[in-house]
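An overview of the molecular structure
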Amino acid sequence: MKYHITDIPIKGKGMIALDTIKYDEVICVCHTIPMKSETEVWKYLFSNNGLHLALGDVSWVNHSSEPNSKIQWVNDTIHLISTRDILEGEEITHTYSNIEDYDTSSWV
């Protein structure tokens with residue numbers, strides 16, 4: 001495994017690189033369940049021609065305005081791909097498309 005899930009100050013949980021992850025490397029692959037409508041977990045849904053609930057660790061990846069990974073869809077599967085080299089111990093992040101829906105006042 002290339003990462004582990006751990007506590008991240010202020011953010012809750014997050015994904016941390018266990019070793020250097022090279023540019024354009026697949027970090028994790030997660031299956032999804034298509035959802036028919038928004039639910040109580042709507043902030044955690046991923047959009048790809050409809051809403052999908054991710055089944056896997058990609059849900060632990062926090063937002064950054066300067067992310068080091070991106071979401072790539074392959075049918076109904078999410079591939080988390082590094083957009084640059086990620087160093088051991090560095091938090092793995094991506095950009096949330098719905099960031100305006102979050103209360104970010106307590107974020108650093």
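Residues numbered from 1 in each chain as written. Predicted model: local features only at pLDDT ≥ 70, side-chain atom pairs only at ≥ 80, totals over all residues. Heavy atoms only, no water.

Things to note about the overall build of the chain
- When helices and strands are counted, the chain shows zero helices and nine strands.
- Within the chain, the fraction of its 108 residues that count as buried is 35%.
- When contacts within the chain are restricted to residue pairs at least 6 apart in sequence, long-range pairs at least 24 apart make up 60% of them.
- With an accessible surface of roughly 6700 Å², the chain has 51% of that area assigned to carbon and sulfur atoms. (Helix = DSSP H or I, 4+ residues; strand = E, 2+ residues; numbered from the N terminus. Buried < 20%, exposed > 50% of the residue type's maximum accessible area, 1.4 Å probe, protein only. Contact = heavy atoms within 4.5 Å. Areas by Shrake-Rupley, 256 points an atom, 1.4 Å probe, with all protein chains shown as cover.)

Focus on the nonpolar core
- Core analysis: the biggest nonpolar cluster contains 15 residues, and M15, I27, C28, V58, L80 and I92 have the highest contact counts within it.
- Elements represented by at least two residues in this core include exactly β2 (12-17), β3 (26-35) and β8 (77-82).
- Here this core takes three residues from β3, the largest share from any one element. (Core = buried A, V, L, I, M, F, W, Y, C linked by side-chain atoms within 4.5 Å.)

As for the environment of N48
- Within the fold, N48 resides in the loop between β4 (45-47) and β5 (51-55).
- Sequence separation of N48 and D76 is 28 residues, and the distance between their C-alpha atoms is 7.9 Å.
- What N48 contacts, discounting residues up to four positions off in sequence, is W73 and N75.

A look at the sheet that holds strand β9 (residues 91-94)
- Pairing within the open sheet is mixed, and its four strands lie in the order β1-β2-β9-β6. Looking at which strands have only one partner, the edges of the open sheet turn out to be β1 (3-8) and β6 (62-63). (Pairing = 2+ DSSP bridges.)

What to know about the sheet that holds β4
- Taken in spatial order, the five strands line up as β4-β5-β3-β8-β7 in an open sheet, and their pairing is antiparallel. For this open sheet the edge positions go to β4 and β7 (69-74), each flanked by a neighbour on one side alone. Recorded for the sheet is a direction-independent mean angle of 40 degrees between the axes of neighbouring strands.
- Of the pairings in the sheet, the one linking β3 to β8 comprises five bridges and is antiparallel in character. By the bridge assignment, C30 is partnered in β8 with I78. (Axes fitted to C-alpha atoms, helices over the stretch in contact; angles between N-to-C directions.)

What is shown is where atoms sit, not what they do.
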